[in-house]
Amino acid sequence: VQLQAFGGGLGEAGGSLRLSCAASGRTFSSYGMGWFRQAPGKEREFVAAISGSGGYTYYGDLVKGRFTISRDNAKNTVYLQMNTLKPEDTAVYYCAAAYLKATMLERSWTYDYWGQGTLVTVSS
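Residues numbered from 1 in each chain as written. Predicted model: local features only at pLDDT ≥ 70, side-chain atom pairs only at ≥ 80, totals over all residues. Heavy atoms only, no water.

Caption draft 1: Structural detail: the sheet that holds strand β1 (residues 3–6). Pairing in this open sheet of four strands is antiparallel, and the strands run β1-β3-β8-β7 from one edge to the other. The outermost strands of the open sheet, each flanked by one partner alone, are β1 and β7 (67–72). Direction aside, neighbouring strands of the sheet carry axes that sit 15° apart on average. Direction of pairing for β1 relative to strand β3 (residues 17–23): antiparallel, over a ladder of four bridges. Its bridge partner lying in β3, L3 is registered against A23. (Pairing = 2+ DSSP bridges. Helix = DSSP H or I, 4+ residues; strand = E, 2+ residues; numbered from the N terminus. Axes fitted to C-alpha atoms, helices over the stretch in contact; angles between N-to-C directions.)

Caption draft 2: Seen up close, the environment of V1. In this structure, V1 sits in the segment before β1. Residue classification places V1 among the partly exposed positions, given a relative accessible area of 31%. When the C-alpha atoms of V1 and A97 are compared, they prove to be 8.1 Å apart, with 96 residues separating the residues in sequence. (Buried < 20%, exposed > 50% of the residue type's maximum accessible area, 1.4 Å probe, protein only.)

Caption draft 3: Molecular detail of the packing of aromatic side chains. Inspection of every chain in the model, using the stated rule, returns six aromatic pairs. Considering the side-chain rings of Y31 and Y113, the 6.2 Å spacing of their centres and the 65° angle between planes classify their relative orientation as edge-to-face. Here the residue Y31 occupies a position in strand β4 (residues 31–38), and Y113 occupies one in strand β10 (residues 113–114), the gap between them amounting to 82 residues. Exposure remark for Y31: the relative accessible area of 9% places this residue in the buried category. Of the residues examined, Y113 reaches a relative accessible area of 33% and is grouped as partly exposed. Judged by centre distance (5.2 Å) and plane angle (55°), the rings of F36 and W114 are tilted. Pair noted here: F36 is in strand β4 and W114 is in strand β10, with a separation of 78 residues, a long-range link. We classify W114 as partly exposed; its relative accessible area is 30%. Connected via pairs of aromatic rings, a cluster forms that spans F36, F46, Y111 and W114. Its guanidinium or amino end placed over the ring of Y94, R44 lies 4.1 Å from that ring's centre, counting from NZ or CZ. (Phe/Tyr/Trp six-rings, centres within 6.5 Å; stacked < 30°, edge-to-face > 60°. Lys NZ or Arg CZ within 6 Å of the ring centre and 35° of its normal.)

Pasting the structure below:
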């Protein structure tokens, strides 16, 4: 599986951005999908995850209530809608895929494949 993230860029505090992650290959619905982020000088942290069917979603505490993860299995794409952006959301955002996983999706070691990352910068 190859993953490519899109949609990063410059946002304003209080504004919104939407990230997309397109996956190659078949059986996209067999993969739990996640978003992680890494800010300069900080460790990679969990942002959000979604089960293969889309029936279960998980969020990190810092984004809960502001970000929404969703997926379109017909388009092999997972999305991250980011609302009420804060400067501390500035980071490189990575999407990841976990084959036949629906639990422990908040753990980075669960994932089998990673995308290249897309930079999100939020100005105050």
